[in-house]
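A look at the structure
Listed below, chain by chain, are the residues.
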Amino acid sequence: MYVKGLQLINFRNYNNLLMEFKQGVNVLVGDNAQGKTNILESIYYCSLAKSHRTNRDRELINWDYKNAYISLSVGRERLDKKIDIKIFKEGKKGINVNSIKVNKIADLIGIFNVVMFSPEDLDIVKGSPAARRRLLDIELCKLSKKYYYNLSVYKKALGERNSLLKGMRCDEGILEVYDTQLSSFGAYLIKERLKYIEKLNEYGKIIHSNITSGNEEISFNYVSQIKNLQNTENIEEALFYLLKSHRKSDMEKRNTSVGPHRDDFDIKINDIDAREYGSQGQQRTSVLTIKFASLDIIKSITGEYPVLLLDDVLSELDIRRQKYILSSIKDIQTIITCTGMHNIQEYLGEDSLVYEVKSGSIERIR
Ligand SMILES: Nc1ncnc2c1ncn2[C@@H]1O[C@H](COP(=O)(O)OP(=O)(O)OP(=O)(O)O)[C@@H](O)[C@H]1O
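My aim in this report is to walk through the structure given alongside it, one point at a time. None of these values were measured; they are calculated from a predicted model. Numbering of residues starts from 1 in every chain and runs along the sequence as written. Local features in a predicted model are, by the rule used here, given only for residues with pLDDT of at least 70; side-chain atom pairs are given and counted only at 80 or more, and totals for whole chains, interfaces and linings are based on all residues. Computation of side-chain values: all heavy atoms of the structure, hydrogens and water removed.

**A look at the nonpolar core**
Definition in use: Residues grouped as a nonpolar core are buried Ala, Val, Leu, Ile, Met, Phe, Trp, Tyr and Cys residues, joined through side-chain atoms within 4.5 Å. Each residue gets one of three labels from its accessible area relative to the maximum for its type: buried under 20%, exposed over 50%, partly exposed in between, using a 1.4 Å probe on protein chains only. Helix numbers and strand numbers start at the N terminus; a helix is a DSSP run of H or I with at least 4 residues, a strand a run of E with at least 2. For this analysis, residues touch if any pair of their heavy atoms sits within 4.5 Å.
Formed by 119 residues in total, the largest nonpolar core has its most connected members in Leu6, Ile43 and Phe112. The greatest single-element share of this core, amounting to 14 residues, is contributed by helix H5 (residues 172-211). In this structure Phe112 touches Met1, Val3, Ile43, Cys46, Ser47, Leu72, Val74, Ile83 and Val307, once residues within four positions along its chain are discounted.

**Things to note about the site of the ligand**
What counts, and what does not: We call a residue near a molecule or strand whenever a single non-hydrogen atom of that residue lies within 4 Å of it. Between N or O atoms, a polar contact is any pair within 3.5 Å; within protein, one atom must be a potential hydrogen donor and the other a potential acceptor, and residues adjacent in sequence are included only when both atoms are from side chains. Each accessible area value is a Shrake-Rupley result obtained with a 1.4 Å probe; residue values ignore everything except the protein chains displayed when judging cover. Under the scheme applied here, ten amino acids are nonpolar (Ala, Val, Leu, Ile, Met, Phe, Trp, Tyr, Cys and Pro), four are charged (Asp, Glu, Lys and Arg), and all others, including Gly, are polar.
Inspection of the region around the ligand gives 15 residues, with Ala33, Lys36, Thr37, Asn38 and Ile61 positioned closest. Contact between the ligand and Ala33: an oxygen atom at 2.7 Å from a main-chain N or O atom of the residue. Within the contact set of the ligand, a nitrogen atom lies 3.0 Å away from a backbone nitrogen or oxygen of Glu59. A total of 660 Å² of accessible area belongs to the ligand in isolation, and the protein chains cover 77% of it. Broken down by class, the residue content of the shell around the ligand amounts to three nonpolar, seven polar and five charged.

**So, the packing of aromatic side chains**
Aromatic rings considered in pairs are described by the distance between their centres and by the relative angle of their planes. Formally: To pair, rings of Phe, Tyr and Trp, with the six-membered ring standing in for Trp, must have centres within 6.5 Å; the planes then decide the type, stacked if under 30 degrees apart, edge-to-face if over 60, and tilted in the middle.
Throughout the structure, instances matching the rule amount to five aromatic pairs. Aromatic side chains Tyr147 and Tyr188 sit 6.4 Å apart centroid to centroid with 45 degrees between the ring planes, which places their arrangement in the tilted category. Of this pair, Tyr147 sits in helix H4 (residues 145-166) while Tyr188 sits in helix H5, placing them 41 residues apart in sequence. Across the pair, Tyr188 and Tyr147 agree in class, each one buried.

**Details of unusual backbone geometry**
Negative phi characterises most residues that are not glycine, and trans characterises most peptide bonds. A positive phi angle, close to 55 degrees, is found at Ala49, a residue other than glycine. On the secondary structure map, Ala49 appears in the loop between helix H1 (36-48) and strand S4 (67-75). The phi dihedral of Asp312 falls on the positive side, at around 55 degrees, and the residue is not glycine. Mapping Asp312 onto the fold places it in the loop between strand S12 (307-311) and helix H10 (319-328).

**Structural notes on the sheet that holds strand S1 (residues 2-11)**
In a beta sheet, neighbouring strands pair by backbone hydrogen bonds and run either parallel or antiparallel. Quick note on the threshold: Two strands pair if DSSP finds at least two bridges between them. Only the stretch in contact is used when fitting a helix axis, every axis being a line fitted to C-alpha atoms; angles between N-to-C directions are given from 0 to 180 degrees.
If you trace the six strands from one edge of the open sheet to the other, you get S2-S1-S4-S5-S6-S7, paired in antiparallel fashion. Pairing within the sheet leaves two strands with one partner each, and these edge strands are strand S2 (14-20) and strand S7 (100-102). With strand direction ignored, the average angle separating the axes of adjacent strands in the sheet is 15 degrees. Pairing of S1 with S4, which is carried by seven bridges, proceeds in the antiparallel orientation. Bridge pairing in S4 places Leu6 opposite Leu72. In the packing of H1 onto the sheet, contacts are made with S1, S2, S4, strand S5 (81-88) and strand S6 (93-97), and the angle to S1 comes to roughly 110 degrees.

**What to know about the pattern of salt bridges**
Stated precisely, the cut-off is as follows: One side-chain nitrogen of Lys or Arg within 4 Å of one carboxyl oxygen of Asp or Glu is enough to make a salt bridge.
As enumerated under the stated definition, the model contains 24 salt bridges in all. We note a salt bridge from Asp57 to Lys93, for which the minimum N-O separation is 2.9 Å. Highlighted residues: Asp57 in the loop between H1 and S4 and Lys93 in strand S6, separated in sequence by 36 residues. On the basis of relative accessibility, which here comes to 12%, the residue Asp57 falls in the buried class. Of the residues examined, Lys93 reaches a relative accessible area of 30% and is grouped as partly exposed.

**Some details on empty space enclosed by the protein**
Any empty space left between atoms is shown by rolling a water-sized probe over those atoms. Our working definition: A 1.4 Å probe that fits into a set of points on a 1 Å grid over the protein atoms alone but cannot get out defines a cavity; an open set with protein on both sides within 12 Å along at least five of seven lines defines a pocket, and lining residues are those with an atom within 4 Å of a point. Grid points are joined across faces, edges and corners, and a volume is the space filled by probe spheres set on the points.
One pass over the full model with this rule turns up two cavities of 30 Å³ or more. When its volume is computed, the largest cavity comes out at roughly 90 Å³. Around the largest cavity, the lining residues are Phe117, Ser118, Pro119, Leu122, Arg284, Val287, Val313, Glu316 and Leu317. Here the second largest cavity defines a volume of roughly 50 Å³. Along the walls of the second largest cavity sit Tyr44, Ser47, Leu48, Lys50, Ser51, Arg134, Ile138 and Lys142, which together make up its complete lining. Along the lines of polarity and charge, the residues of the lining of the second largest cavity split into three nonpolar, two polar and three charged.

The values are spatial; any link to function lies outside them.
Right under this line is the structure:
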């Protein structure tokens, strides 16, 4: 799939932007703070109606206006789609696909997929477990409405259980009701995450070996307080008993201490923890591996590659890794932001465009 065209009205620093893209490499070049990432953000937003860098939609609206508008034309193997999103200052948003109103965000899933790679993604390796859970949840939501639904219900039940634990009228009987719900929805999340980790291993090992010329082997392993995750049939029951056995301490701590919202996955290079012992270079390569594996996983499940958004990452990588990226994206529409064209030039072809971005406006320079 690929982005054909984009229109932005009062989105961040764009008052009225209209631009087209080609199916190959598209470059947005410009100095810092000109609006390059804002364009990627608006494209990313059309995938799950969520920004990659803020949970507050009102930040996306130009400071001088009350609402913002994104319109994205997507070319797909079967039916092309047009996604129109209006974001209102009061917090609401209106979404249309091919001029038909989308009532639930879940109905947007699968229409347009992207994988974004930005410098902040180093957090997936270096950061807290929350960053890795977020990656799993976002990737799985892109692929499955059921996962999106189960995650929303799980989060809601978790919020209610935590409110109960913080209040005066908390007793074990009421907690039992929540623990039944959390174990049912939570078990689904864990099982899907385990399958995703399996795929990450399958695709990631090949990619990582290619990037490192066979010198390093990467592996991913899901980490949970539930023992014996191999026995997936028993996860729901195991999670229920885990929640039950933690009720007393949860009541003292006023928080739910077990469940998929506390899980993690570890990343090992040649059997050594990349987070604690990996060099900067190894950590960056691990993220690159995860992002490229995400592309392959989406392609294996949906039959189409998503659009790849590279936000200022090339300059952070050495020449070999830059070359790996630029030579691996032949079948994938890629939109790259950068402050200079150094190593990109030789990878541009017939189906490439280059725009210069300056204070919220663009000029095509190639
Ligand atoms: N809601 C908003 N309304 C108007 N302008 C905004 C809004 N949000 C951000 N901006 C402006 O957008 C610009 C930043 O854009 P962006 O993050 O896309 O930069 P960039 O070109 O990617 O830069 P860098 O190379 O530093 O990442 C800043 O000038 C900022 O003031």
